[in-house]
2 protein chains.
Amino acid sequence: MATRALDRVGSEPLWRQLQRELLNRLDAGEFSEQFPGEMALAEEYGVSRHTVRQALRQLRADGMIVAERGRQPRVAPQPEIQQPLGALYSLFASVEAAGLPQHSIVRTFDTRADALVAERLGLEASTPLVYLERLRLAGDEPLALDRVWLPASLASPILGADLGHTSLYAELAARTGIRLDRGHEDVHAVIPTAAERNQLNCAHDVAAFSINRLSHAHDRPVEWRHTLVRGDRYALTAEFSASTGYRLVQSPPAD
Amino acid sequence: MATRALDRVGSEPLWRQLQRELLNRLDAGEFSEQFPGEMALAEEYGVSRHTVRQALRQLRADGMIVAERGRQPRVAPQPEIQQPLGALYSLFASVEAAGLPQHSIVRTFDTRADALVAERLGLEASTPLVYLERLRLAGDEPLALDRVWLPASLASPILGADLGHTSLYAELAARTGIRLDRGHEDVHAVIPTAAERNQLNCAHDVAAFSINRLSHAHDRPVEWRHTLVRGDRYALTAEFSASTGYRLVQSPPAD
DNA sequence: CAGTGGTCTAGACCACCGA
DNA sequence: CGGTGGTCTAGACCACTGC
């Protein structure tokens, strides 16, 4: 293996150049299921093993590379699986943890344009969007009203799917390879309209969480979502500390 | 400076022993406002500089020690300042960011017992508690109804404070040295009662966040808090990604 | 067994900061 | 200027893994 060139006159540290180089090669799909050892990298780039370790430190901490004593180093299986996260996941997971089976009733599942949503996704107003509207149930009781818009150019392969029992994100990953890796959401407290109360089958004195979410994959907007969650039996729960920051956890068993 | 002993026969790495040793000395209050350099530590413990750096790596990443080129290394000013965090802080900070001045009207501020709250704090039912009830305003508009209980044995020094314009946590830290470092909270969506609507001066069609929080300092329960926040103009906002996890951010300017 | 990563040493040069 | 941390080298020994 010929020695690859690193710039030794510029001011950028060797380990950072090496780290960038390795990230590029990882993105390019090199090293699939096989990653070179520290010695090999040191020789390939003509640097010391210490420098290689410094370059690898962050990659290992970020879980992009798995290396253990004795084992062959590997690239991490799917570093960006990020289907579960956010307030919605927290809410639904707590229901699951309580032993309630969940499923959905698909109300609408088609392709359409929506200027307002398109703008939020950063797209032209007339861009065709896959639209999915579901009523989510826990046990036999309605839990949430869920509406999702995705760019049809990316998401049209999911149109044939049965989303009554499978996760949208799982289906999206399986059919298009797209995995959400970043998102932004806001949570409002609202009083459901009469129509929403009717769909959710809840009393007139029940409030709800209104959650808007914009999700990205590789810095491209992929999903705009609006979900209305019954507030009478479901709550957000979080723990926080100086070291771990703010972390949503599963709610304790419903009152 | 005599060389301090590290165990070179056991299996525990030198850098880990050194790290533990330094943490102990930090907790003991040594190094106040002055921390030894890498060379000094290497000589003091009879190890190489590399080993010292390995031991310091995590301490620096955690922000317990501040070291820069050329500067004298220091211990971080207050590693466990954790007053701001959680949904409440997020909500109030977004109001502040919008340029609205905030203050409180103290409705009640005394010492009493409350069996229900005491239980949640893990205390005997008859334990005296400092009780503070405030109406929080943003501009001249009511924003939240805030009720806090703290064990009187810890918090009685704050009883003389004017909490109309200063933070409870700042006052608590100044008068008792107690700084909250961990907490747990749950957020519900509710419809305010008529009395609460009246206090918050909000319309009948407005929902609210109901937030319960249990805070700790050094693993001891210190605060039980219940806050009711108007839901019409204030929302929780969060960002999340694979690398940074879930992080509450300030809401965008209110609609 | 050969190869892996974890640990450790003893040097070195440099950019940067404060006195 | 002396001392700091950042970077880098060229070694070494070891525990562990898989063949």
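The rules we used
Residues numbered from 1 in each chain as written. Chains lettered and ligands numbered in written order. Predicted model: local features only at pLDDT ≥ 70, side-chain atom pairs only at ≥ 80, totals over all residues. Heavy atoms only, no water. Core = buried A, V, L, I, M, F, W, Y, C linked by side-chain atoms within 4.5 Å. Buried < 20%, exposed > 50% of the residue type's maximum accessible area, 1.4 Å probe, protein only. Contact = heavy atoms within 4.5 Å. Near = heavy atom within 4 Å. Polar contact = N/O pair within 3.5 Å; in protein donor to acceptor, adjacent residues only side chain to side chain. Helix = DSSP H or I, 4+ residues; strand = E, 2+ residues; numbered from the N terminus. Nonpolar A, V, L, I, M, F, W, Y, C, P; charged D, E, K, R; others polar. Domains from an automatic or database assignment. Pairing = 2+ DSSP bridges. Axes fitted to C-alpha atoms, helices over the stretch in contact; angles between N-to-C directions. Least-squares fit on C-alpha atoms with pLDDT ≥ 70 in both. Buried area = accessible area lost by both parts, 1.4 Å probe. Salt bridge = Lys/Arg side-chain N within 4 Å of Asp/Glu carboxyl O.

*Asks:* In this structure, what is going on with the nonpolar core? I would like to understand it.
*Replies:* Proteins that are soluble and globular tend to have nonpolar side chains buried together. In terms of nonpolar packing, the biggest core is built from 40 residues, with F209 and V229 of chain A together with F209 and V229 of chain B touching the most fellow members. Setting aside its immediate chain neighbours within four residues, F209 of chain A contacts V187, H188, T227, L228, V229, Y234, A235 and L236 of chain A together with V187, H188, A189 and F209 of chain B.

*Asks:* Would you take a moment to explain the protein's contact with DNA strand C for this structure?
*Replies:* Neighbouring DNA strand C are 23 residues, the closest being R49 and G70 of chain A together with R8, L14 and T51 of chain B. By atom count, sugar and phosphate contribute 58% of the portion of DNA strand C lying within 4 Å of the protein. Here a phosphate oxygen of DNA strand C sits 2.7 Å away from a polar atom, N or O, in the main chain of S48 of chain B. Breaking the surface near DNA strand C down by element, the ones donating at least two residues are α3 (49-61) of chain A together with α1 (14-27) and α3 (49-61) of chain B. Across the surface near DNA strand C, the residue classes break down as 6 nonpolar, 6 polar and 11 charged.

*Asks:* Whenever I open this one, the domain arrangement of chain A confuses me. Can you help?
*Replies:* Accessible area lost on assembly of the parts is the figure often given for the size of an interface. The assigned domain composition of chain A is domain 1 (14-75) and domain 2 (86-249). Its C-alpha centre places domain 1 of chain A at a distance of 38 Å from the equivalent point of domain 2 of chain A.

*Asks:* Can you help me understand the sheet that holds strand β9 (residues 236-241) of chain A in this one?
*Replies:* Within a beta sheet, neighbouring strands are joined by backbone hydrogen bonds and run either parallel or antiparallel to one another. Spatially, β10(A)-β9(A)-β6(B)-β7(B)-β8(B)-β5(B)-β4(B)-β3(B) is the arrangement adopted by the 8 strands of the open sheet, whose pairing is antiparallel. Two strands lie at the open edges of the sheet, namely β10 (245-249) of chain A together with β3 (102-112) of chain B, each paired on one side alone. Looking at each pair of strands side by side, their axes are set apart by 20° on average, direction ignored. Pairing of strand β5 (residues 141-151) of chain B with strand β8 (residues 220-230) of chain B, which is carried by 6 bridges, proceeds in the antiparallel orientation. Each bridged residue has a counterpart across the sheet, and for R147 of chain B the counterpart in β8 of chain B is H226 of chain B. Of the strands in this sheet, β10 of chain A together with β3, β4 (129-138), β5, β6 (182-190), β7 (208-217) and β8 of chain B touch helix α4 (residues 87-97) of chain B, which is tilted by about 115° from β7 of chain B.

*Asks:* Sorry, what's going on with the protein's contact with DNA strand D here?
*Replies:* For DNA strand D, the set of nearby residues contains 23 residues, the closest of which are R8, L14 and T51 of chain A together with R49 and G70 of chain B. Within the backbone of S48 of chain A, an N or O atom sits 2.7 Å from a phosphate oxygen of DNA strand D. At 3.1 Å from a base nitrogen of DNA strand D is found a side-chain nitrogen or oxygen belonging to R49 of chain A. Contributing elements (two or more residues each) for the surface near DNA strand D: α1 (14-27) and α3 of chain A together with α3 of chain B. Considering only residue class, the surface near DNA strand D consists of 6 nonpolar, 6 polar and 11 charged.

*Asks:* I would appreciate a short explanation of the relation of the copies chain A and chain B in the present structure.
*Replies:* Two copies of one chain are present, and they are related through a rotation about an axis combined with an axial shift. The two copies are related by a screw motion: chain A maps onto chain B through a turn of 180° and a shift of 0.1 Å along the axis, at an RMSD of 0.8 Å. The operation mapping one copy onto its partner corresponds to a two-fold rotation axis.

*Asks:* What is the right way to read the interface of chain A and chain B from this model?
*Replies:* On the chain B side, the residues contacting the 39 residues of chain A number 38 residues. Taken together, both faces of the contact between chain A and chain B bury some 3,100 Å²; the carbon and sulfur share is 65%. For the pair chain A and chain B, the interface holds 0 salt bridges. At the boundary of chain A and chain B, one finds 8 residue pairs in polar contact (both at pLDDT 80 or more).

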